[in-house]
Amino acid sequence: MADIFLSYTHVDRSRARLIVDLVEAEGWTVWWDRGIEPGMAWLPELEVELANCRAVVVLWSRTSTTSEWVVREARAGLNKGALVPILLDQDKFPAEFAGVQATDLSHWKGETGLDEVEALLRRLARLVPPSRIDTVR
């Protein structure tokens, strides 16, 4: 089971990869659909990972706001108190999630040290304490 479940639309895959690289560099494991092997049944795996993750990172964009799957996954994160929304396009997310603070990474190109990136990492650390061996030592 992964620490973090990443929800996004395929149109945003290159931007999703930046998020995956960022959080994996911090020691967390990420489940996203790139890990599903061809020919495997994806729905049972998705449901298990979504149920067992400790954070649900949702990438809100013009396309993801209309995706039934992304909204469904965001609801699951909201219901378990683990929703971590990221804006890829400014002010683009369904109103039902407006009560949860989102991190605006609409202009982010992968650089570290930005306030928004640091805020994201702090929130993830509260939900999923890093388990890297080098942080234990």
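Structure's up top.
Quick caveat, the model's predicted, so the values are computed rather than measured.

Undergrad: Give a detailed account of the environment of Gln 90, specifying residues and quantitative values.
TA: Position of Gln 90 among the secondary structure elements: in the loop between β4 (83-87) and β5 (103-104). Here the alpha-carbon distance between Gln 90 and Asp 104, two residues 14 residues apart in the chain, equals 6.8 Å. Look past the residues within four positions of Gln 90 in its chain and what remains in contact with it is Asp 104, Ser 106 and His 107. Within the local environment of Gln 90, its side chain forms a polar contact with the side chain of Asp 104, the two groups lying 3.5 Å apart.

Undergrad: Let's hear about helix α2 (residues 42-52): which residues, and what values?
TA: Turning to α2, its buried residues number three or more, namely Leu 46, Glu 49 and Leu 50. Across the axial projection of α2, the buried residues extend over an arc of 100°, all falling on one side. Looking at the buried residues of α2, the elements they touch are β1 (4-7), β2 (30-31), β3 (55-60) and α3 (68-79).

Undergrad: Can you break down the layout of surface pockets residue by residue, with the values?
TA: Its volume calculated, the largest pocket comes out at about 300 Å³. Lining the largest pocket are 17 residues, and of these Tyr 8, His 10, Asp 33, Leu 46 and Glu 73 sit closest to its centre. Mapped onto the lining of the largest pocket, the elements with two or more residues apiece are β1, α2 and α3. Each pocket or cavity is described by its volume, and for the second largest pocket that value is around 160 Å³. Lining the second largest pocket are Leu 83, Val 84, Pro 85, Val 100, Gln 101, Ala 102, Thr 103, Ala 119, Leu 120, Arg 122, Arg 123 and Arg 126. Secondary-structure elements contributing two or more residues to the lining of the second largest pocket are β4 and α4 (115-127). For the lining of the second largest pocket, the class distribution of residues is seven nonpolar, two polar and three charged.

Undergrad: An account of the pairing of β4 is needed here, citing residue identities and associated values.
TA: The element β4 is extensively covered by neighbouring structure, given that five of its five residues are classed as buried. Residues Leu 83, Pro 85 and Leu 87 line one face of β4 and the alternating positions Val 84 and Ile 86 line the opposite face, and both faces are buried. Across five bridges, β3 lies against β4 in parallel orientation. Its bridge partner lying in β4, Leu 59 is registered against Ile 86. Note that the unit made of β3, α3 and β4 has a crossover that is right-handed. As judged from the two bridges shared by β4 and β5, these two strands associate in the parallel manner. Paired with Ile 86 across the two strands is Thr 103, which belongs to β5.

The rules behind each value
Position numbers for residues start from 1 in each chain and track the written sequence from start to end. Reporting of local features is limited, given that this is a predicted model, to residues whose pLDDT is at least 70; pairs of side-chain atoms are given and counted only at 80 or more, and all residues count toward the totals for whole chains, interfaces and linings. No hydrogens and no water enter the side-chain calculation; it runs on all heavy atoms of the structure. Numbering goes from the N terminus for both helices and strands, where a helix is a DSSP run of H or I of at least four residues and a strand is a run of E of at least two. By definition, residues are in contact when any of their heavy atoms lie within 4.5 Å. Here a polar contact means two N or O atoms within 3.5 Å. Within protein one must be a hydrogen donor candidate and the other an acceptor candidate, and residues neighboring in sequence count only if both atoms are side-chain atoms. Only protein chains enter the calculation, and the probe is 1.4 Å; a residue is then buried if its accessible area is under 20% of its type maximum, exposed if over 50%, and partly exposed in between. Directions pointing from the helix axis toward each C-beta atom define the arc. Think of a 1 Å grid over just the protein atoms. A cavity is a set of points where a 1.4 Å probe fits yet cannot get out, a pocket is an open set with protein on both sides within 12 Å along at least five of seven lines, and lining residues have an atom within 4 Å of a point. Grid points are joined across faces, edges and corners, and a volume is the space filled by probe spheres set on the points. Under this grouping Gly is polar, as are all residues other than the nonpolar Ala, Val, Leu, Ile, Met, Phe, Trp, Tyr, Cys and Pro and the charged Asp, Glu, Lys and Arg. Pairs of strands are assigned from DSSP output, requiring at least two bridges between the strands. Handedness of a crossover is defined as follows: with both strands directed away from the viewer, a clockwise route from the first strand across the helix to the second makes it right-handed.

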